[in-house]
Amino acid sequence: MSKDTAFNRVLQARSKDKISIKALIDGITDDFIELHGDRAYGDDPAVYAGIGSMNDKPVTIVGIRKGDDDQTDAEVHFGSAEPDGYRKALRLMKQAEKFKRPIITLINTPGAYPDVEAEYHGQGYMISQLIMQGMQLKVPYIAVIVGEGGSGGALALAVGDCVWAFEESIYSILSPEGYATILWKDSSRAREAAEVMKLTPEDLIKQGIIDRIIPEIRNNDELKRFKADLFGKIEELSAMPTAEMLNQRFARYRNF
Amino acid sequence: MKKNKRQKLSSQELHKRMDKVPDVWVKCPFCGKTIYKKQLGKYLECPDCHYAFRIGAKQRIELLCDNFEPFNLELKANPKYQDPKYLAKLEKARETTGLNEGVLTGIGTINGHRTAIGVMDWRFIMGSLGTATGELLARLFERATQEKLPVIVFTASGGARMQEGIESLMQMAKVSEAVSEHSKAGLVYISYLCDPTTGGVTASFAMQGDLLLSEPHALIGFAGRRVIERTIQQIPPKDFQRAETLLHNGFLDAIVKRNEMKTTLSHILAIHEGGDKNE
């Protein structure tokens, strides 16, 4: 199999060797504090979020993370957030706006958690609110697809001023397995589905779905470079008048 | 044997059959009662459980509006989509619905209340949200914002349109922004969730209304039953995504029988028109 097939990228995006959301956050902030809870009824560990400083500038970071082993994977449902996770995310993002803190989201999720309880607690409603209210936040908002960017569960945290994606990541309407099942009634055709779905960063940047491809991070130097890129973008957005920043953000999505 | 086979018709198959055959015995997809089609009346409701049978966009407008002026009827899927199977589906959907896309938008009058109205048509590739569908809805909200009109959107959709890939997903953001602008202008948006409303439509504009209404026993959810069963091997209870369950859990304002749709909407619109009195 050629190394550059789209399905190979799917496997890389799902790889256990990928840098974890926690390691990424620790690498880009000096003093990160995790904050918990949605103030309604729960705390979803799949959403890892809090505050910290980046070169002395306060930021709010919200990540959707996968587990490091079988036990943590079970706790975070393999990186699938529940409504309380999305509610926690929205709570902390609104708080970021209050304190004028830029927001960074780090996304590695196959999609929102599909189960009965999640439906009872308003999975669709919470995603709809994160999309609508998230887009309106009057602070710089940078979204980064780190591994898998699956469907509405990823879009919920990817409606900011720009969307970046790691080199070994995918962003798609649903998994290639799901796509093959729905359109061809055959999940074994996932490899073929990945090809037609245009889910690699190279395909996505051509369509304007993402704005920048981040070289995969494997060591400290690469992590420092990522931090510098993020900080540079935050400085650029912070220097803009808020109305102009928002108009540019709205236009980004209006053009799709 | 034959009888058993008929009982196994899915809700979708049953509705499709109803469209083709004018007078038949039909089975309520919710309560299972066998009804002579004429007994459903002009609102197409089950006389027993009040399940509101699925109807097309134009039929809904006829039941609701005193007059209706559609706009952007010419908008259709971008010609860059070339998959022959998709093109064939579009062709068939256009033929069935008499629409170029999955939503009919325009300005209508409901008992004298001038309102911007969008009606999704479930027969158009399962009411899926394509790029043109999103564009029609965004323009509906933009027009309503300009003209200071309330918006009512009747949703009926399986979610994102798979054939248009990630651009379909982006429609959720595009329409949401148009909803926000309308909301910031102090105008009311009534989202009317019809059977079925699922996936990316539930996770965007269907749930963004100031008021969320639904029809009896309408299926409303994000993840589909089969996805849940397959992904986490959980068998959901029978009614876990029905309107009554959502009302109980706090995600709907009211369930309205279809024969009361017009009066309920005019009532809500009238209260919102009185908003000036509080200024």
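Residues numbered from 1 in each chain as written. Chains lettered and ligands numbered in written order. Predicted model: local features only at pLDDT ≥ 70, side-chain atom pairs only at ≥ 80, totals over all residues.

J.: How do you make sense of the overall build of chain B when you look at a structure like this?
T.: The number of helices and strands found in chain B is ten helices and nine strands. Its C-alpha radius of gyration of 19 Å places chain B within 12% of the 19 Å reference for a compact globule of 279 residues. Along the longest, intermediate and shortest principal axes, the C-alpha atoms of chain B span 65 × 45 × 40 Å. Across the 279 residues that make up chain B, the buried fraction comes to 49%. For chain B, contacts bridging at least 24 residues in sequence account for 68% of all contacts bridging at least 6. (Helix = DSSP H or I, 4+ residues; strand = E, 2+ residues; numbered from the N terminus. Rg over C-alpha atoms; globule rule 2.2 N^0.38 Å. Buried ≥ 20, exposed ≤ 12 C-beta atoms within 10 Å, placed from the backbone. Contact = placed C-beta atoms within 7 Å.)

J.: Please explain the sheet that holds strand E3 (residues 67–70) of chain B as it appears in this structure.
T.: Residue and element names in this part refer to chain B. A sheet is described by the order of its strands in space; here seven strands give the open sequence E3-E4-E5-E6-E7-E8-E9, paired in mixed fashion. A single partner strand is all that each edge strand has here, and the edge strands are E3 and strand E9 (254–255). Where strand E8 (residues 211–214) and E9 come together, two bridges link them in parallel fashion. When the sheet's bridge partners are listed, Ser 214 is paired in E9 with Ile 255. Contacts from helix H3 (residues 57–64) reach E3, strand E4 (103–110), strand E5 (113–120) and strand E6 (151–157), with the element oriented near 5° to E4. (Pairing = 2+ DSSP bridges. Axes fitted to C-alpha atoms, helices over the stretch in contact; angles between N-to-C directions.)

J.: What is the right way to read the packing of helix H1 (residues 6–13) of chain A against helix H9 (residues 190–197) of chain A from this model?
T.: Angle between the axes and distance between the axes are the two parameters that describe a pair of packed helices. Residue and element names in this part refer to chain A. One way to put it is that H1 packs onto H9 with a least axis distance of 7 Å and a crossing angle of 100°. Regarding the angle of H1 to H9, the classification is roughly perpendicular. For the pair H1 and H9, the contacting residues are Ala 6, Phe 7 and Val 10 in the first and Ala 190, Arg 191, Ala 194 and Glu 195 in the second. Residue classes in the contact of H1 with H9 are distributed as five nonpolar, no polar and two charged. (Parallel < 35°, antiparallel > 145°, perpendicular 65-115°, else oblique. Nonpolar A, V, L, I, M, F, W, Y, C, P; charged D, E, K, R; others polar.)

J.: Explain helix H4 (residues 83–98) of chain A here, please?
T.: Spacing of three or four residues puts side chains on the same side of an α-helix, whose turn is 3.6 residues. Residues and elements named next belong to chain A. End to end, H4 covers 23 Å across 16 residues, agreeing with the expected 22 Å (1.5 Å per residue, within 8%). On its buried side, H4 packs onto strand E2 (47–54), strand E3 (57–64), strand E4 (103–109), helix H5 (116–120) and helix H6 (123–135). The first or second residue beyond H4 is Lys 100, which carries a positive phi of 55°. (Expected span 1.5 Å × (residues − 1).)

J.: What is the right way to look at the pairing of strand E7 (residues 189–197) of chain B in this model?
T.: Each regular strand carries side chains that alternate between the two faces of the sheet. Residues and elements named next belong to chain B. Judged by how many residues are buried, E7 sits mostly within the fold: nine of nine residues are covered. Here E6 pairs with E7 via six bridges, running parallel. Its bridge partner lying in E7, Phe 154 is registered against Tyr 192. Handedness of the crossover is the feature at issue here: the chain leaves E6, passes through helix H6 (residues 165–184), returns alongside E7, and the resulting connection is right-handed. Across four bridges, E7 lies against E8 in parallel orientation. (Right-handed = clockwise from strand over helix to strand, strands pointing away.)

J.: Please explain the domain arrangement of chain B as it appears in this structure.
T.: How big an interface is tends to be reported as the loss of accessible area on association of its parts. All names here are of chain B. Entries for chain B in the domain assignment read domain 1 (1–53) and domain 2 (55–278). One C-alpha centre belongs to domain 1, the other to domain 2; they are set 23 Å apart. Taken residue by residue, the interface counts nine residues in domain 1 and nine residues in domain 2. (Domains from an automatic or database assignment.)

J.: Sorry, what's going on with the UniProt feature "binding site: Zn(2+)" (unreviewed entry) in chain B here?
T.: All names here are of chain B. Following the UniProt record, one finds the feature "binding site: Zn(2+)" (unreviewed entry) at Cys 28, Cys 31, Cys 46 and Cys 49. Across 22 residues, the annotated set stays spatially compact, with a maximum C-alpha separation of 8.6 Å. Structurally, Cys 31 is set in the loop between strand E1 (25–27) and strand E2 (34–36). Once residues within four sequence positions are removed from consideration, Cys 31 is found in contact with Cys 46, Asp 48, Cys 49 and Tyr 51. Mapping Cys 46 onto the fold places it in the loop between E2 and H3. (UniProt positions renumbered as here; feature names shortened; annotations may be inferred.)

J.: What's the story with the confidence of the model for chain B in this structure? I'm lost.
T.: Residues and elements named next belong to chain B. With 95% of its residues at a pLDDT of 70 or more, chain B shows a mean pLDDT of 93. Long-range and interchain partners of residues 1–6, a stretch whose pLDDT sits below 50, account for zero contacts in this model, where long-range means more than four residues apart. Predicted as a complex, the structure gets a pTM of 0.95 and an ipTM equal to 0.96. (pLDDT = per-residue confidence, 0-100.)

J.: Mind showing me how you'd approach the interface of chain B and chain A here?
T.: With 35 residues of chain B at the contact, the number on the chain A side is 35 residues. Counting only elements with at least two residues in the side of chain B that touches chain A, the list comes to H6, helix H7 (199–202) and helix H8 (225–232) of chain B. Among the elements that line the side of chain B that touches chain A, the one with the most residues is H6 of chain B, at 14 residues. Class assignment of the residues belonging to the side of chain B that touches chain A gives a composition of 18 nonpolar, 14 polar and three charged.

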